[in-house]
Amino acid sequence: MFYDRFTRLLHVFLAAGIVAQLLVSEWMHHPRPEKPGNFLYDVHQYLGLTLLGLLILHWLWSFVRSGVVPLAQVFPWFSRDRRLALWADIRHYARHMLKLKLPDASVPSPLAGAIQGVGLVVASIMALTGTLIYFNVGDNWSFAPWLDFVKEIHEFLGPVMWGYLAVHAGAAVVHQLFGHRLITDMFNLRRKNNTD
């Protein structure tokens, strides 16, 4: 495992919080000018603020930690060499999958890193837009035009996050089924690694 223990702990909290947020959002009732939202809406708001704090902590930790998985790996888009490595890794995975196999997951993968980067960005934008709504919504649940645009972004990203979770968790489950202990290692907070 190439993630340090604190990163794994943050991942556990973020995973649980984001899944809870998405589930709560399916049953919560938004406030309307004529009636307040239900208690699940309050849960959604406060959990969202908590997740923003955890995401900020994750970003800060990503900038300061040393380890095998540099921040640049989760954002390969701004480097020609990283983009080439990503495309090579995609081809590498495709060749293995044609043989009904998966490449070894014991070393950082540009594809896995890029997928994780997408999840971090989507979660961060959702948390930021939700926080903007929380602090700027008017009396009687009225939205300024700019805040209405922010709300549209927030609502658009909900299904995107569901899709991301399906891909991310699904890939981890497939790796686990192929004998790569990704899930076991990621959620084992007692285990040390070479970066702890």
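Residues numbered from 1 in each chain as written. Predicted model: local features only at pLDDT ≥ 70, side-chain atom pairs only at ≥ 80, totals over all residues. Heavy atoms only, no water.

Is there a simple way to think about the layout of surface pockets in this case?
Empty space left among the atoms is revealed by rolling a probe the size of a water molecule over them. Of the pockets and cavities examined, the largest pocket occupies roughly 1100 Å³. If you trace the largest pocket, you find 46 residues lining it, with His11, Gln116, Tyr164, His168 and Met186 closest to the centre. The set of elements that each furnish at least two residues to the lining of the largest pocket consists of α1 (5–27), α2 (39–64), α3 (71–74), α4 (80–98), α5 (110–136), α6 (145–177) and α7 (182–186). Among the residues making up the lining of the largest pocket, the classes are represented as 33 nonpolar, 11 polar and 2 charged. When its volume is computed, the second largest pocket comes out at roughly 590 Å³. Around the second largest pocket, the lining is made up of 30 residues, and of these Gln21, Met28, His44, Met126 and His154 lie nearest the centre. Contributing elements (two or more residues each) for the lining of the second largest pocket: α1, α2, α5 and α6. Among the residues forming the lining of the second largest pocket, the class breakdown is 17 nonpolar, 10 polar and 3 charged. (1 Å grid on protein atoms, 1.4 Å probe; cavity = no way out; pocket = protein on both sides within 12 Å on 5 of 7 lines; lining within 4 Å. Points joined across faces, edges and corners; volume = space filled by probe spheres on them. Helix = DSSP H or I, 4+ residues; strand = E, 2+ residues; numbered from the N terminus. Nonpolar A, V, L, I, M, F, W, Y, C, P; charged D, E, K, R; others polar.)

Which parts of the structure should I look at to understand the nonpolar core?
Buried together is how nonpolar side chains tend to be arranged in soluble globular proteins. Within the largest apolar cluster, 21 residues are counted, with the highest numbers of intra-cluster contacts made by Ile18, Leu55, Trp59, Met161 and Leu165. Sorting the residues of this core by element identifies α1, α2, α3, α5 and α6 as the ones contributing at least two each. Apart from residues no more than four positions distant in its own chain, methionine 161 is found in contact with Ile18, Leu22, Gly119, Val122, Ala123 and Met126. Core analysis: the second largest hydrophobic core is formed by 8 residues, Leu40, Tyr41, Ile133 and Trp141 among them. (Core = buried A, V, L, I, M, F, W, Y, C linked by side-chain atoms within 4.5 Å. Buried < 20%, exposed > 50% of the residue type's maximum accessible area, 1.4 Å probe, protein only. Contact = heavy atoms within 4.5 Å.)

Sorry if this is basic, but what is going on with the pattern of salt bridges here?
Once their charged atoms are close, side chains differing in charge can pair, the charge on each being opposite to the other. Counted by the stated rule, this structure contains 2 salt bridges. The salt bridge involving lysine 151 is made with glutamate 155; its shortest N-O contact spans 3.7 Å. Placement of the pair is lysine 151 and glutamate 155 together in helix α6, with a separation of 4 residues, close to one helical turn. Classification of lysine 151 by relative accessible area gives buried; the value is 18%. A salt bridge links aspartate 185 to arginine 181, with the shortest nitrogen-to-oxygen separation between them at 3.7 Å. Relative accessible area serves as the criterion here: at 49%, arginine 181 is assigned to the partly exposed category. (Salt bridge = Lys/Arg side-chain N within 4 Å of Asp/Glu carboxyl O.)

How should the packing of α2 against α5 be read in this particular structure?
When two helices pack together, their arrangement is given by the angle between the helix axes and by the axis-to-axis distance. As a packed pair, α2 and α5 sit with axes 9 Å apart at the nearest point and diverge in direction by 135 degrees. One way to sum up the angle between α2 and α5 is to call them oblique. Of the two elements, α2 crosses α5, and the hand of that crossing is left-handed. When α2 is examined against α5, the residues Gln45, Tyr46, Gly48, Leu49, Leu52, Leu55, His58 and Trp59 are found in contact with a partner set consisting of Leu120, Ala123, Ser124, Ala127, Leu128, Thr131, Tyr134 and Phe135. When the residues that make up the contact of α2 with α5 are grouped by side-chain class, the tally is 11 nonpolar, 5 polar and no charged. (Axes fitted to C-alpha atoms, helices over the stretch in contact; angles between N-to-C directions. Parallel < 35°, antiparallel > 145°, perpendicular 65-115°, else oblique. Left-handed = near helix turned anticlockwise from the far one by under 90°.)

For this particular structure, what's the right way to read the packing of aromatic side chains?
Both the distance between ring centres and the angle between the ring planes are used here to describe each pair of aromatic rings. Scanning the model with the defined rule gives 6 aromatic pairs in all. Between phenylalanine 6 and tryptophan 61 the ring centres are 5.2 Å apart and the planes differ by 80 degrees, which places this aromatic pair in the edge-to-face class. Taken together, the residues span a long stretch of sequence, with phenylalanine 6 in helix α1 and tryptophan 61 in helix α2 at a distance of 55 residues. Overall, tryptophan 61 belongs to the partly exposed group, its relative accessible area being 28%. Linked through ring pairs, Tyr41, Trp141 and Phe143 together constitute an aromatic cluster. (Phe/Tyr/Trp six-rings, centres within 6.5 Å; stacked < 30°, edge-to-face > 60°.)

Is there a simple way to explain the side chain of glutamine 21 in this structure?
Structurally, glutamine 21 can be placed in helix α1. Take glutamine 21: its relative accessible area is 10%, and that puts it in the buried class. For glutamine 21, the contacting residues outside a window of four places in its chain are Val43, His44, Leu47, Gly48 and Leu51.

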